[in-house]
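Examination of the molecular architecture
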Amino acid sequence: MAHPPVHQHSTTTLKSLGEGSLVRLLREVAEISGCRLSPDLGVDDTAVTSGNLTVPGGALVWTTDSMQEGTHFRFWKALERIPCSWLGRKLAMTNLSDVAAKGGKPKYALLTMGLPPESSITRIREFLGGLLTTLAEHDVELLGGDTYGAASWNLGLTLVGEVSEGSRVPVRNKGVAGDTVYASGELGASARGLHFLELWQVNPPNQFESWELLPPVVQRHLSPPDRGELGRALVEIHPRLAMMDLSDGILEDAFRLAVASSCGLEIRWDRLPFAKSLLGSGLNPEQATELALTGGEDYELLFTSPLAEDELAQHLSRLGITIPCTAIGQLTASPGMQITTLDGRIILPES
């Protein structure tokens with residue numbers, strides 16, 4: 001069987017070309033990926049937009065997220081032969097997820113890159129390719145940013161989005177006791193994928209020669225889902241909505257949302273939508289459900305609504321949204337959190 005071409009990095013480094021080469025590289029990759037760049041990028045330290053950012057009757061949403069090598073990601077051994085465009089896409093998607101959780105449409109971005117002088121230009125190009133292609137897919141214009149030398153990769157992205165006129169920004173404190181708590185998509189696969197990547201640092205498998213050969217749970221960790229369309233649809237369906245994205249797992253994030261809304265929380269263990277790929281990764285349903293509860297970096301949407309599950313599904317269907325949203329529990333008037341299991345109740349302390 002023929003194998004895909006083996007991925008190799010150029011020996012050319014950032015140090016050999018100079019930091020000023022990054023703007024030229026950005027423009028080159030942007031032209032290939034179709035991402036819009038500010039015409040003044042690289043000319044000044046401050047971005048100026050000629051368009052009108054004011055949304056009459058609407059709102060602007062701002063978010064920023066960072067990824068530090070060794071803390072939020074590694075250049076894992078198992079991925080050495082796979083272009084690291086995944087890193088650029090993940091940086092973009094973690095920020096786009098925050099805008100989605102506010103029902104916003106992303107518009108502008110600022111990029112910060114702290115890079116070691118010995119960084120491979122090939123690796124930088126791949127990262128930028130993944131980032132700029134993803135921004136282009138969402139019609140986001142990169143206005144500028146900052147670059148600096150660092151001991152390891154430090155990446156930051158800031159996004160500005162717009163919420164349309166007549167929509168209410170769904171902040172976390174809008175929940176009311178009795179509201180149903182929902183989670184979009186499937187949960188737990190990202191945490192399982194990270195487990196494998198870390199395990200393989202010690203006991204590396206045979207090199208993966210292409211993205212398609214990576215286990216689905218690893219792909220899920222490296223490439224978060226796009227929930228922008230769902231977020232914008234949800235703010236249209238009901239004027240009162242509490243919503244956030246799932247970065248730290250249901251157990252932590254759902255409790256944060258409940259506390260922000262001055263409510264307690266009850267979660268149904270049997271309703272947690274664990275990813276089916278977890279069963280193919282060696283876990284049984286009980287273990288998969290536990291990971292759906294505690295795993296992080298799912299970047300699905302967590303929200304509350306007074307609408308029943310079937311009613312919400314009908315509204316989403318009319319808007320052409322096919323992403324499943326599962327009722328996983330309820331906000332309560334009593335403080336604290338409890339998980340209702342099939343064989344009883346487990347009371348969890350607020351701490």
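Residues numbered from 1 in each chain as written. Predicted model: local features only at pLDDT ≥ 70, side-chain atom pairs only at ≥ 80, totals over all residues. Heavy atoms only, no water.

For the rest of this paragraph, the subject is empty space enclosed by the protein. Evaluation of the coordinates by the stated rule reveals two cavities of 30 Å³ or more. Empty space within the second largest cavity amounts to approximately 40 Å³. Forming the walls of the second largest cavity are Leu234, Ile237, His238, Leu241, Phe303, Ser305, Leu307 and Leu312. Only helix H7 (228-237) and strand E9 (301-305) provide two or more residues apiece to the lining of the second largest cavity. Per-class residue counts for the lining of the second largest cavity are six nonpolar, two polar and no charged. (1 Å grid on protein atoms, 1.4 Å probe; cavity = no way out; pocket = protein on both sides within 12 Å on 5 of 7 lines; lining within 4 Å. Points joined across faces, edges and corners; volume = space filled by probe spheres on them. Helix = DSSP H or I, 4+ residues; strand = E, 2+ residues; numbered from the N terminus. Nonpolar A, V, L, I, M, F, W, Y, C, P; charged D, E, K, R; others polar.)

Strand order across the open sheet formed by five strands is E1-E4-E3-E5-E2, with mixed pairing between neighbours. Only two strands of the sheet have a single neighbouring strand rather than two, namely strand E1 (36-37) and strand E2 (59-68). Relative to strand E5 (residues 154-163), E2 runs antiparallel, the two being bridged by ten bridges. Directly across from Thr63, in E5, lies its bridge partner Leu159. Each of E2, strand E3 (105-115) and E5 touches helix H3 (residues 85-100); the most contacted strand, E2, lies at about 145 degrees to it. (Pairing = 2+ DSSP bridges. Contact = heavy atoms within 4.5 Å. Axes fitted to C-alpha atoms, helices over the stretch in contact; angles between N-to-C directions.)

Turning our eyes to something else, we now look at the pairing of E3. Two strands pair when backbone bridges link them, and E3 and E5 are joined in this way by nine bridges, in the antiparallel orientation. Each bridged residue has a counterpart across the sheet, and for Ala109 the counterpart in E5 is Leu159. Across eight bridges, the pairing between E3 and strand E4 (residues 141-149) is parallel. In the strand pairing of E4, Leu115 is matched with Gly149. Taking the sense of rotation as the criterion, the β-α-β connection linking E3, helix H4 (residues 121-137) and E4 turns out right-handed. (Right-handed = clockwise from strand over helix to strand, strands pointing away.)

Listed as buried for helix H9 (residues 285-294) are Ala288, Thr289, Leu291, Ala292 and Leu293. Contacts made by the buried residues of H9 are with helix H5 (189-202), helix H8 (250-260), strand E8 (264-268) and strand E11 (337-341). N-capping of H9 is provided by Asn284, with a side-chain oxygen placed 3.1 Å from the backbone N of Glu286. (Buried < 20%, exposed > 50% of the residue type's maximum accessible area, 1.4 Å probe, protein only. Polar contact = N/O pair within 3.5 Å; in protein donor to acceptor, adjacent residues only side chain to side chain.)

Here we come to the side chain of Thr289. Its location among the elements puts Thr289 in helix H9. Judged by relative accessible area, which is 7%, Thr289 ranks as buried. Separated by 2.8 Å, the side chain of Thr289 and the backbone oxygen of Pro285 make a polar contact. The contact partners of Thr289, leaving out residues within four places of it in the chain, are Trp269, Leu272 and Phe274.

Turning our eyes to something else, we now look at H8. Among the residues of H8, Ile250, Asp253, Ala254, Phe255, Leu257 and Ala258 are the ones counted as buried. Ser262 occupies a position one or two residues after H8 and carries a positive phi of about 55 degrees.

Taken as a whole and judged by the stated rule, the model has seven aromatic pairs. Consider the rings of Trp200 and Phe208, whose centres lie 5.3 Å apart with planes at 45 degrees: the pair is tilted. Each of the two residues, Trp200 as well as Phe208, counts as buried. Grouping aromatic residues by their ring pairs yields a cluster made of Phe73, Phe75, Phe127 and Trp153. (Phe/Tyr/Trp six-rings, centres within 6.5 Å; stacked < 30°, edge-to-face > 60°.)

This next bit is on the nonpolar core. Core analysis: the biggest nonpolar cluster contains 78 residues, and Leu111, Phe127, Leu135 and Ile250 have the highest contact counts within it. Once residues lying within four places of it in the same chain are set aside, the contact partners of Leu111 are Leu26, Leu91, Phe127, Leu128, Leu131, Leu142, Gly144, Gly145, Asp146, Gly156 and Leu157. (Core = buried A, V, L, I, M, F, W, Y, C linked by side-chain atoms within 4.5 Å.)

Let us now look at the packing of H3 against H4. Taken N-terminus to C-terminus, the directions of H3 and H4 make an angle of 40 degrees; their axes are 5 Å apart at the nearest point. On the basis of the axis angle, H3 is oblique to H4. Pair H3 / H4 crosses with right-handed handedness. Contacts from Ser85, Leu87, Gly88, Arg89, Leu91, Ala92, Met93 and Leu96 in H3 reach Glu126, Phe127, Gly130, Leu131, Thr134, Leu135 and Glu137 in H4. Classifying every residue of the contact of H3 with H4 by side-chain character gives eight nonpolar, four polar and three charged. (Parallel < 35°, antiparallel > 145°, perpendicular 65-115°, else oblique. Left-handed = near helix turned anticlockwise from the far one by under 90°.)

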